[in-house]
Amino acid sequence: MSPSFGRGVMTNHIIDMKNTDCALIIGSNVAENHPITMKWLLKAREERGAKLIHVDPRFTRTSAVADIYAPLRSGTDIAFIGGMIKYIIDNNLYHKDYVVNYTNAAFLINDGFDFKDGLFSGYDESKKAYDPTTWDYQRDAEGKPIKDPTLTNPRCVFQLLKKHYERYDIDTVCRITGTPKDKYLEVLETFCATGAPDKTGCIIYAMGTTQHTVGSQNVRSYAMVQLLLGNAGRPGGGVNAMRGENNVQGATDMALLFHIIPGYINSPMNTPDHKDLISFLKKETPGAANLPVSTLAELREAVKAGFPNSGFKINTSKWVVSMLKAWWGDAATPENDFAYHYLPKRDEKKNYSHMAMFEAMYNGEIDGLFVNGGNPVVGGPNANKEQAALAKLKWLVVLDLWLHETAEFWSYKAWERPVENPDVPKMEPKDIPTEVFFLPAAAVYEKEGTASNTGRWMQYRWKGAEPVGDSKPDLWIIDQLCKRIKKLYEGSTKPEDEPITKLTWGPYGEGEEPEPVLVGLELNGYIGKFEDHKPVENFTKLADDGSTACGVWVYSGCMTTKPDGTLDYKPMWRDNQDNSKTGLGLYSKWAWCWPLNRRIVYNRCSVQPDGTPWPGDEARALFKWDPNNPDGDPKTGNPGKWVGDDVPDFNKYLAPAVGPGAAVPFLMRPEGVGCLFATKKDMKEGPFPEHYEPWESPFKNLLNSQQNNPCIKVWEPDKQGTADKYPIIGTTYRVVEHWQTGALTRNLPWLAELMPNMFIEMSEELAKLKGINNGDKVIVSTTRGDIEGIACVTKRLKPFTVDGKEVHQIGMTWHYGFNGYAKGDPANRLTPHIGDANTMIPEYKAWLCDVRRA
Amino acid sequence: MAKLIKVIDVTKCTACRGCQVACKNWNQNPAVIEPFTGSYQTHKDTNAETYTIVKFNEYVDPAKGVRWLFRKHQCMHCDNPACMEACPRQAYSKTEWGATLHDINRCIGCQYCHYACPWSVPKYLKREDVVTKCTLCANRVEAGLKPACVQTCPSGALQFGDQGELMAYAQERVSFLRNNGFPEATLYGVNEMGGCNVVYVLAYSPDKYGLPVNPKVSGQVSFWQNIVQPYAGWLIPLALGASVVSFFTTRLIAASERAPEEGGNE
């Protein structure tokens, strides 16, 4: 989403679902995995007559309550959505005013940009990568993009988009996706009707979208549809990622990812353009690369004056320096680059994602592993291999509530398999040298702190019960770990130890347990000494001269001071009043959301360029321009300001205007608008999503001669299953009764009761073909291994007719393992080590297998 | 006190089964873990420690294709409950507002109620030799709370409250469904068994959800209830009288039989 909108976040929030006219649920089983979101969707249907559309390979509990269910074969989203883009353009259903003013549709593209037979210009076969130089705008002398607001220039994004998706006609799409044509048409007609200015529609997706070799491009395609239909940045609209865990958003904000540092800034690499702070800042600040500046002071002046193609990220230096100050305090000085050299630099040529890490572990390159809340023996792709990789470790620390499968990967039962398979590693406890430590962790209700939900709401949670036995909150564990590591380095004068010896660490309170509020202070940022407890107002007040410190700039603004001088941590806010005058359910004083408590981001789009509501959509306009408001721009002293119920995600002092001088609707993008065309390095596979088959697919790509995503990294070419041996498509998913690897829920008897065993869902047609009866034990096999499960034969799954041929798809949950009350084989013993080219998320959702009676 | 009813709008149910867990939690019933046998509906029916389950039915609608129908199943809390009629120990009672309660201290585990109920709701708990069933969370309701299942339902499928208000809501839902592609939509539990305190909003006819279309009390139970039980009070003196009569008559007969014996030496 970041290449389309500027931020990789859910655009709206959960309650906002009630404001939609039509929800397209694709790649998500929202009723089962996000029941509270479903509650608001059902409300939209009841109160607004909204239509709910579910597109999924399986008929699930979401389909059961949807108005329209359309099946599609796993891994064909881009074909499905590409056809929708064509349909929108061919039938003039796009929201013209929105498209011209709020997207880059009018921008002219470099003449060198081209697309031929599945490849964009600049592909290097030997590197399996693109040189994206031509994926850029035509620019004027100042470097500003050239536009054609009539959208007729053949080099404008709109015309290139139209040309690109010309091949995605309805018949071709249905031949690829296996969707019945009448169902596909029904979806197109219903959802594309939200292109009308007075209608909004939302797209809801989850792991069914992302866990593919084209996962990022799948999301891109949804974002493009929403830009065309004018649905982004408006209540009831948006592209809404349903996060699979209660704090995934929080985890990514804090950069629990290998490629970023907190606040979505690329992490430093061992390359010349990251060699020192100024090089790093020039590289990572959009538009700064070619500035004639060589010191931070010069960059600061340039930022103050402004430079083109930068967007709000022009402030990157303030965020980075404030983060370095938060980490190394007094040791971070202007003289030593604010301790930039303390930051670890990743190897440009190496990948540090989950799969890469386990491949390295398997090759004996890693000594120890710290697993906090994970369970890779159940949840990791190609789990047989990942389990064997754990046996190559010297030590393993597991932090969890229960002794789950990863904590007991060395036990006899961990290596039991339903069939003998010489390709699957089998070990005994005596062969495994890994020393395993288990740290019992407190459950969510036994500790305090915040979690950031899918809608970016950062909510404080108070403790409901004391932890059981010796179990400790993970904050306590991390705190102790850091304190004890620092103790080990105490007294060291070696410069290479300085990142640890000089590391600031709170103090987060007086007691044995760190106080989450004080951690919050560091996230928010502070002025002067940490101990002074002076929160910085928000990220617009951060500086790059060392006067402010801030752990995660996107969280800046989450704390203020109460009149009595104590800290007011906004995630603790609990005002249950909807502050929206038209009943939009913003609840702006319930918890706090980043950025700056904007409940709906890119919200300039909720009104027309001239500042008036979209015709017929007055109730969903979030703002209006108040020209005489005395509380005007403090810089110019002019009156006038935008007023409304949400926090403006744009310059609130700029009067409505069209063209230069207007407030930009997508301020995190260098071009200031939503991107139908993703430029330069934003997407590895190209500016427009193109259909490629999953890595394992029974079909040839019907749209171009590139079978798979041309940029993916293939770890194990010999493990690519083929349709002659493995003719059935397999996919994995979750059910409402269990959570993730089931480490928690399979140990709760009441939930184990609801879903007691591993099961394999299949159609009646496939069951008949294979002689399988409902309730029989069956074996599913791939090139990676075999699992046993109980057949769940159902009318809800149907074979797909793809390009005239019948293909079967089966599905299974990935919740099960060998421990707990509810047991079963982990589905991930079947899934491949292959991932998306941008994010390296594994392709859990489409692979080839065979099934037989046990 | 006005009658309080529970409305189950199956068209809003997503089968999350939060109600099942909330029910176990409130009643502190243990998990009954049975193996998976080929359906998401893990138990075939409720049991003595599982007062409610969501039933899953696959149905092929000729117009709409495959449908997956969910229905929360539990005690219907009838106005004239067959269980109460059948119980020989008066273990059953009705609250003023409509819940059908069962007192396990009076229960002798005869299970007549199980067979009497058209939905076979009361279930036998062998360990304690009693039957058990849903209480409509009477102890919560009387403390001003909603039943645990209603409280936890995220989708709005379960509602609890004043009969008048909720019946109006339920009727509105049925007419909405009838006008929006479900001509068979109907209420269930209004006329059935003389009226119930649990009312379903169904999109299809009751049989599609595994519900008996015309729930009836079996003939044996009617006999017991209509003939035997009302005259139970008379039966005791009648039986006593009969034994008194038989005491004398047997002796009279015996005497008359003896007499010829005595004089049997003709």
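Because the structure is predicted, anything quoted here is derived from the model rather than measured.

Next up on the list: the packing of helix H8 (residues 170–177) of chain A against helix H9 (residues 181–192) of chain A. Residue and element names in this part refer to chain A. The N-to-C vectors of H8 and H9 enclose an angle of 115°; their axes lie 10 Å apart at closest approach. The handedness of the crossing between H8 and H9 is right-handed. Note on element contacts: H9 touches H8 through Lys181, Tyr184 and Leu185, opposite Ile170, Val173 and Cys174. Within the contact of H8 with H9, the residues separate by chemical class into five nonpolar, no polar and one charged.

Another aspect to go through is the interface of chain B and chain A. Taken together, the 26 residues of chain B in the interface contact 30 residues of chain A. Of all the elements in the fold, those that place two or more residues in the side of chain B that touches chain A are helix H1 (18–27), strand S2 (53–61) and strand S3 (65–73) of chain B. For the side of chain B that touches chain A, the residue count by class is 13 nonpolar, eight polar and five charged.

Glancing now at the packing of helix H5 (residues 77–90) of chain A against helix H11 (residues 215–228) of chain A. All names here are of chain A. Put simply, H5 and H11 touch, their axes get as near as 9 Å, and they point 15° apart. If you check the angle between H5 and H11, you find them roughly parallel. Along this stretch, H5 crosses H11, giving a crossing that reads as left-handed. Each of Asp77, Ile78, Ile81, Gly82, Met84, Ile85 and Ile88 in H5 lies in contact with H11, whose residues at this interface are Gln217, Asn218, Ser221, Tyr222, Met224, Val225 and Leu228. A breakdown of the residues in the contact of H5 with H11 according to their chemical character gives nine nonpolar, four polar and one charged.

Residue and element names in this part refer to chain B. Taken in spatial order, the four strands line up as S8-S1-S10-S9 in an open sheet, and their pairing is mixed. Since the sheet does not close on itself, it has two edges, and those belong to strand S8 (158–162) and strand S9 (186–188), each with one partner. Taken over all neighbouring pairs, the strand axes of this sheet differ in orientation by 25° on average, direction set aside. On top of the sheet, helix H6 (residues 163–179) reaches strand S1 (4–9), S8, S9 and strand S10 (198–202); it is set at about 140° to S8, its chief contact.

This part takes up the nonpolar core. Judged by nonpolar contacts, the single largest core of 271 residues is most densely connected at Ala23, Ile53, Val157, Leu324 and Ile760 of chain A together with Val10 of chain B. Tyr362, Leu369, Leu390 and Ala414 of chain A belong to the second largest nonpolar core, which has 24 residues in total.

With that out of the way, let us pick up the domain arrangement of chain A. Residues and elements named next belong to chain A. For chain A, the assigned domains are domain 1 (2–106 + 140–244 + 675–682), domain 2 (603–652) and domain 3 (717–853). Relative to domain 3, the C-alpha centre of domain 1 lies at a distance of 28 Å. Contact residues are listed per partner, giving 22 residues for domain 1 and 27 residues for domain 3. Elements with a minimum of two residues in the side of domain 1 that touches domain 3: helix H2 (30–33), H8, helix H10 (207–210) and H11. Tallied by class, the residues present in the side of domain 1 that touches domain 3 amount to six nonpolar, 12 polar and four charged.

Rules used throughout
Residue indices begin from 1 for each chain and proceed along its sequence in written order. Working convention: letters from A go to chains and numbers from 1 go to ligands, in the order in which they are written. Local features are withheld for residues below a pLDDT of 70 in this predicted model, meaning they are given only at 70 or higher, and side-chain atom pairs are given and counted only at 80 or more; totals for whole chains, interfaces and linings count all residues. Convention adopted: a line fitted to C-alpha atoms gives each axis, helices being fitted over their contacting stretch, and angles between N-to-C directions are expressed from 0 to 180 degrees. Only DSSP runs of H or I covering at least 4 residues are called helices, and only runs of E covering at least 2 are called strands; the numbering of each starts at the N terminus. Here a crossing is taken to be left-handed if its near helix is turned anticlockwise relative to the far helix by less than a right angle, and right-handed if that turn runs clockwise. Remark: residues whose backbone-derived C-beta atoms lie within 7 Å of one another are considered to be in contact. Classification used: nonpolar for Ala, Val, Leu, Ile, Met, Phe, Trp, Tyr, Cys and Pro, charged for Asp, Glu, Lys and Arg, polar for all others including Gly. Angles below 35 degrees are treated as roughly parallel, those above 145 as roughly antiparallel, those between 65 and 115 as roughly perpendicular, and all remaining angles as oblique. We treat two strands as partners when DSSP finds at least two bridges between them. Think of a nonpolar core as buried Ala, Val, Leu, Ile, Met, Phe, Trp, Tyr and Cys residues, each tied to the set through C-beta atoms within 7 Å. Residues with at least 20 neighbouring C-beta atoms inside 10 Å of their own are called buried, those with 12 or fewer are called exposed, and the rest are partly exposed, where every C-beta is derived from the backbone. What counts as a domain boundary in this text is fixed by an automatic or database domain assignment.

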